[in-house]
Structures are given as structure tokens and as C-alpha cells.
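# Results of the structural survey
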Amino acid sequence: MNIALIVTLGGDLVRSTEHVGIGYLSAYLRKHNHMVKVLEIKEQDIQHENQYIPALSDCEFVGFTTTCVTMKNVTRLVDIVERNFPNTYIACGGHMATFSGKKLLEKYPNIDFAIQGEGEITFLELVKALETQKDLSDVLGIVYRSGNEIIENKSRPLIDNLDMLPFPDRDQFEQHDGKFQYVRLSTSRGCLGHCGFCSSFAGRYQEGSRWRGRSPKNVVDEIEMLVKKYDFHTYDFVDSTFEDPGQKGKNRIREIATEIINRNLDIYYNCCFRAENWSEKDYDLLKLLVDSGLEKVNIGFESGNDRGLKILNKRAAMADNWRTIETLRHFPQIYITFGFIMLHPYSTLQDIRDNAKFLHDTGIGQVIRHYFWMLEVYPGTLLEEQLKRDNLLDKQYDIDDGMYKYHFQNPEVRAFVPIFQEMLSLTSVWDFEIFDILIHTFITRLQRKYRDSPIIDDIGLFNDFVRSKRKRIADFNYAFFMDLVTNLEHCDVEFIKTKLDNFLLEEMDTIKSEQYKLGLKLRRHGYRMNIR
């Protein structure tokens, strides 16, 4: 069967488009002799049907991956595909299909199937059943139409042995001529956290262990293959928690790091940690991870007080957040980025003040986006269920338009919503976060490559300069936000947007200027600037 898998670009996929789940699906289907093409479609290109409809002309089955962010655009594309190819099967997978599959088919008559949970085996069995006209009731993990009835089959058990899957295809990487910031790589599936806002442990509706990890050899075999095939050296490990489960998980990532070093792969990578899992006892492991290429971690701090952490159903307490921050201070090579929810339906003014103080006091509060981030409500999450019980979901809340459709227990905090949205509309707010990461990467990769060279002192001076600028920016962010909180009723939105925008742009320009001077000096002395 000829199959098209469509990635609708939205959310973080706009900046880094690779969808590793689609890569796994295409690899598994191709392994079983199906023809697969992977297409990216940007939101602004949906109306330009001539750009993608011809590529679908020979396809018998079109599959879409879904998230809350992309669902509206997916449904627009579904209608276009059905109008042009009325005899083509259309399926949706991903988050929305997993948690709201039956609702999707009820609301959108042009969607034929929802594939729930892990899709590789399910998709293949569905295709085989359609080819042989087999009864679909035997295909686990799907929602489908039978006459006027919508049937939801029993869930499929999770894939226990991830090593049995072929390495994901890299169609999108090749379509972009390898010009990605990083390649996404999955070393495990599932998460042993139980955060109330998070849908990453989608397997809770399926049978089997919620966390499964690939063997260290299998993981590093894939990395080595990618390095040799593409000469590409920067990877984003998309595991919800890299170190799960417990000590066994830390032993696994120790083996991964050791294997990377033993094979001399010379890579860089990012991953996600949970705060409750790390302490000074892990210094040796963290050093090994850094030596193997770790340069950024994402940690879900989420709140600045214990009350907020309990509401969000975090396993970590504030003591865990602070301990992990202090632990990672010993490894300046690691950039700390983090999840944070400033505002949610149960927030109080005191919570907002505590959150702001935490962001400042961490010493890593230079990214102002965290000050304005609001809870996104995803179907199937614990917080969605809680909001329903507390009658805090808006009547307009729907499966494809619900992330911010909620009420607040404390009405006084509602006034922050439009202000936060205005601040997040600034391109500079988003650009600075990426800029800050890139500057850190620029410094640490130079330090790693030229640690024994005379130029290392100049790199150190630039690093000191950047640290001082980050502190200045963090101080500004806190003062700016607290002034906004104090004077919310009288603030001039356009004035404060301009103030923030100008400040961020000026600070980035100043840092870029010093970076340029360092670059000139490096080139004059024969050092390479392109550190991959």
C-alpha cells in the first residue's frame, strides 16, 4: 500500500521540524514492504494545495500526527485530502488520537481511523487488514467506523522490547539537507513521573510497563550510524526522563555514556531530568555524561513553592528543585533549561510572587518567557480531570481548542492572562531563549575543543562577560515583572512591551558584538569557529 505520513508544523516543530515518531512509523512500514512518503506542511502553506496535493495522488492511505497545538490545522488538511481523494483512507495518531480518538471521529466525519498509543504495530496491522478486507475488530489500538457506529477496540499492549524496532527513518533531516540544529533521538518510552499537566505517559491507557528503555548498545549503534552516515554530531534525546527508572536507569545511561566515549563518537546532546532524581551523590555520573557530550538538560521545575508543586502533582518538592540546581552548578558545561508554569487555574497572587522570586533566585532566570507561561490543558491529563470536577473548564473547551479555556478559582489573577499573552507575542522573548542557549553552546564547545590552547583565556573572558550580562538580564526580568504585578491596573501594555522588547534586543546586540570580537581573534590565530 502507498502511504503518506504528514507532519503539520506547529508549536516547537516550527523551529526544529523533525518528528521522530513519524520516523519510527515510516521505518516500520517500509521494513514490511510498504511505500511511504513523509511530507511537512506549514500552517501558512495549507491553502496552497498545489504544493502538496500532487504528492498524494498515488497514496491509498494518509496518516496525520496530532497534538493540541496542531489539531485545527490537521482537520483543515483532512478536509482538503478527502475532497481531492475521497477514496483514500485517513487516520490520525499521536496525543489527540490516543486520548480523544472516539471524539475525533464523532466530530470529524472525514477521519476514518484513530490510532491510539504506540503506532508501529497497530498501523501495520490496520493496513494489512484493509488490504485483505479482514475484520477490523481484531486490530488492537484503533477507533474506526462500522456503518453509523464508531467502534473503539481494546488497547494494544505497549511494546516491551524497543530494540526490536528499526531505527527511525530521517526523511525530514534529508529534506532539509541536514541543516537542523539537532537530530532527535529516542532512547526510551514512558515516564515514571506523574505530573498532572503532562501527557507523556500516554501508555497509562494501555497494558504493560509505562517505562521501557532501549539497550545501551542499541542506542549507541544508532548514534554511530547517524554520525557515519551524515557526519552530524548534535542530538536531542527526547526521552521524557533520561534517567528512569531509579538506579537501574542511572546504570543504563552510564553505559550509554561509556559506550559513546569508547567509540570516540565526539557528539553533543541534550536530555531531560527530573529534579527529585539528582544530588551530589551523582557527581561522578554527571561528569561522565559531560565527558560523553551532555551540554543541556531540561528539568520540570514548574513552580516556586510546594503548594504549586502539589497542585501540579509533581513528585519533586522545592527541596529537590534547589538540590538539583546546586548539584548542577558544579557542571557549568551544562545549560539548564526548564519547564515552568507561572499561572494556572488554582494560582494565587502569593503563588505568582513566590514563582517570580524562585525564577530570580535560581541564578538562571535570564529567560523571561518563564515569567509569562500559563498552563496548557491537554486531554487525558490529571489536571483536565480535576478541572472538570471543579467546574473550571470553560463551556467552549473542546478537543481541538481547549488549552487555555479555563476559569480561575481566584478571579484576581485572571487580569494577568491578557498581559501575559501580550508579552509572549514578542518575537524577542522567544528569540532570546534560543539565543541564550546558542551562546552557551558556542562557549562550551570552544572550551571543550581548545581547552589546551592559548586562546582559552580569551574564551574565558567572553564567558565571564556573558555571565555578567545574564545576571543583569535576570535582575531586569524580576524587577520588570514585579513592577507589572504591583501596577497591573495602571500599566500601559504597549509601553511595557516596547520597554521589554528594546531591552532584550539591546542586550542580545551587545553580546553579539563581543562574540564577533572573539570570533575575529580566533580567526586571526587560525582557530575554527564552526564547532559542530
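Scroll up to find the structure.
I will try to describe carefully the structure that is included in this document.

## Quick look at the overall build of the protein
- A count of helices and strands for the protein gives 16 helices and 14 strands.
- Over its C-alpha trace the protein gives a radius of gyration of 24 Å, about what one expects of a compact globule, namely 24 Å for 532 residues.
- Each principal axis of the C-alpha atoms in the protein carries an extent, and together these give about 70 × 60 × 50 Å.
- Across the 532 residues of the protein, 56% fall into the buried class.
- Long-range pairs, those at least 24 residues apart, make up 76% of the contacts in the protein with a sequence separation of at least 6.
- Measuring between centres, the 68 positive side-chain charges of the protein sit 3 Å from its 78 negative side-chain charges.

## Some points on the side chain of Ser26
- Looking at the element boundaries, Ser26 is found in helix 1 (residues 20-31).
- Look at Ser26 and you get buried, because its relative accessible area is 0%.

## Things to note about the packing of aromatic side chains
- In this structure the tally under the stated criterion is 31 aromatic pairs.
- Plain terms: the ring middles of Phe173 and Phe232 are 5.1 Å apart, the flat faces sit at 85° to each other, and that makes the pair edge-to-face. One end of the pair, Phe173, is in helix 5 (residues 171-175); the other, Phe232, is in the loop between helix 6 (216-230) and strand 11 (234-237), with 59 residues separating them in the sequence.
- Judged by relative accessible area, which is 6%, Phe232 ranks as buried.

## A word on the pattern of salt bridges
- All chains considered together, the criterion is met by 40 salt bridges.
- Between Arg184 and Asp236 there is a salt bridge, and its shortest N-O distance comes to 3.9 Å. A residue pair is termed long-range when its members are at least 10 positions apart, and Arg184 in strand 8 (residues 183-185) and Asp236 in strand 11 qualify at 52 residues.
- Judged by relative accessible area, which is 8%, Arg184 ranks as buried.
- The buried category is assigned to Asp236, whose relative accessible area is 14%.
- Between Asp266 and Arg448 there is a salt bridge whose closest N-O contact spans 3.3 Å. Taken as a pair, Asp266 in the loop between helix 7 (246-262) and strand 12 (268-273) and Arg448 in helix 14 (residues 427-449) lie far apart in primary sequence, 182 residues in all.
- A relative accessible area of 46% places Asp266 in the partly exposed class.
- One network of salt bridges, with partners in common, ties together Lys217, Asp221, Glu224, Lys228, Glu259 and Arg263.

## Re the sheet that holds strand 14 (residues 335-340)
- The strand order across the open sheet built from 5 strands is 8-11-12-13-14, with neighbouring strands paired in parallel fashion. At either margin of the open sheet sits one strand with a lone partner, and together these are strand 8 and strand 14. Strand after strand, the sheet turns through a mean of 25° between neighbouring axes, direction not considered.
- Packed on one face of the sheet, helix 6 meets strand 8 and strand 11 and runs near 165° to strand 8.
- Packing against the sheet, helix 8 (residues 283-292) makes contact with strand 12 and strand 13 (294-302), and its axis sits at approximately 145° to strand 12.

## Regarding the sheet that holds strand 6 (residues 142-146)
- Pairing is mixed in the open sheet, where 7 strands are placed in the order 2-1-3-4-5-6-7. Two strands close off the open sheet at either side, each with one partner strand: strand 2 (35-42) and strand 7 (149-152). Across the sheet, the mean angle from the axis of one strand to that of its neighbour is 25°, orientation sign disregarded.
- In the sheet, strand 4 (residues 89-94) pairs with strand 5 (residues 113-115) via 2 bridges, with the strands oriented parallel. Bridge pairing in strand 5 places Ala91 opposite Phe113.
- Sheet strands in contact with helix 1 are strand 1 (2-9), strand 2 and strand 3 (61-66), and its direction is about 160° off that of strand 2.
- Set on the sheet, helix 3 (residues 95-107) makes contact with strand 3, strand 4, strand 5, strand 6 and strand 7; between it and strand 4 the angle comes to about 140°.

## Considering empty space enclosed by the protein
- For the structure on display, the rule yields 4 cavities of 30 Å³ or more.
- Its volume calculated, the largest cavity comes out at about 60 Å³.
- Contributing to the lining of the largest cavity are Glu18, His19, Val20, Ile22, Gly23, Val38, Pro168, Asp169, Arg170, Asp171 and Gln172.
- Looking at the lining of the largest cavity, the elements with two or more residues in it are helix 1 and helix 5.
- The greatest single-element share of the lining of the largest cavity, amounting to 3 residues, is contributed by helix 1.

The rules behind the values
Residues numbered from 1 in each chain as written. Predicted model: local features only at pLDDT ≥ 70, side-chain atom pairs only at ≥ 80, totals over all residues. Heavy atoms only, no water. Helix = DSSP H or I, 4+ residues; strand = E, 2+ residues; numbered from the N terminus. Rg over C-alpha atoms; globule rule 2.2 N^0.38 Å. Buried < 20%, exposed > 50% of the residue type's maximum accessible area, 1.4 Å probe, protein only. Contact = heavy atoms within 4.5 Å. Lys, Arg positive; Asp, Glu negative; His and termini not counted. Charge placed at Lys NZ, Arg CZ, Asp CG, Glu CD. Phe/Tyr/Trp six-rings, centres within 6.5 Å; stacked < 30°, edge-to-face > 60°. Salt bridge = Lys/Arg side-chain N within 4 Å of Asp/Glu carboxyl O. Pairing = 2+ DSSP bridges. Axes fitted to C-alpha atoms, helices over the stretch in contact; angles between N-to-C directions. 1 Å grid on protein atoms, 1.4 Å probe; cavity = no way out; pocket = protein on both sides within 12 Å on 5 of 7 lines; lining within 4 Å. Points joined across faces, edges and corners; volume = space filled by probe spheres on them.

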